[in-house]
Amino acid sequence: MANMLIPIEERNLTPEQVEQLDRRRRRGQALLVIGFQTLIVGVVVTLWSGQDLTYSPGWAHPMAYWDGFLFLAALICLASGIQLRRGLNEFFSY
């Protein structure tokens, strides 16, 4: 009997296609991990960026810019990771 947990479009793949699919999903899992780690660092850096925004004059706010970059990088990594892992029915980590 066929495994009903596997999506219909993935039931008749060649071994090379299955390997390529696994590589794509592993890359997606790695991007999710990078995204969550970057998000955690961004939350911690928010403390310093708040102080930077309060005490630095003019447009000289390097910690605030870095914090914005961290949140943007986290958003991009998380969105890309979710897209690359599409079609996976289970949660696991490598």
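So, here's what we can say about the structure.

Procedures and definitions
- Residues numbered from 1 in each chain as written.
- Predicted model: local features only at pLDDT ≥ 70, side-chain atom pairs only at ≥ 80, totals over all residues.
- Heavy atoms only, no water.
- Salt bridge = Lys/Arg side-chain N within 4 Å of Asp/Glu carboxyl O.
- Helix = DSSP H or I, 4+ residues; strand = E, 2+ residues; numbered from the N terminus.
- Buried < 20%, exposed > 50% of the residue type's maximum accessible area, 1.4 Å probe, protein only.
- Lys, Arg positive; Asp, Glu negative; His and termini not counted.
- Polar contact = N/O pair within 3.5 Å; in protein donor to acceptor, adjacent residues only side chain to side chain.
- Contact = heavy atoms within 4.5 Å.

### Topic: the pattern of salt bridges
Then step 1. Inspection of the entire model under this criterion finds 1 salt bridge.
Then step 2. In this structure, Arg 23 and Glu 19 form a salt bridge, with 3.6 Å as the shortest nitrogen-oxygen distance. Separated by 4 residues within a single helix, Arg 23 and Glu 19 lie in helix α1 (residues 15-55), roughly one turn from each other.
Then step 3. Exposure remark for Arg 23: the relative accessible area of 38% places this residue in the partly exposed category.
Then step 4. Exposure remark for Glu 19: the relative accessible area of 49% places this residue in the partly exposed category.

### Details of the side chain of Asp 67
Then step 1. Position of Asp 67 relative to the elements: it lies in helix α2 (residues 62-84).
Then step 2. Of the buried charged residues, Asp 67 lacks a salt bridge, with Arg 85 as the closest side chain of opposite charge at 25 Å.
Then step 3. Among the polar contacts made by the side chain of Asp 67, one reaches the side chain of Ser 49 at a distance of 3.3 Å.
Then step 4. Among residues more than four places away in sequence, those in contact with Asp 67 are Gly 42, Val 45, Thr 46 and Ser 49.

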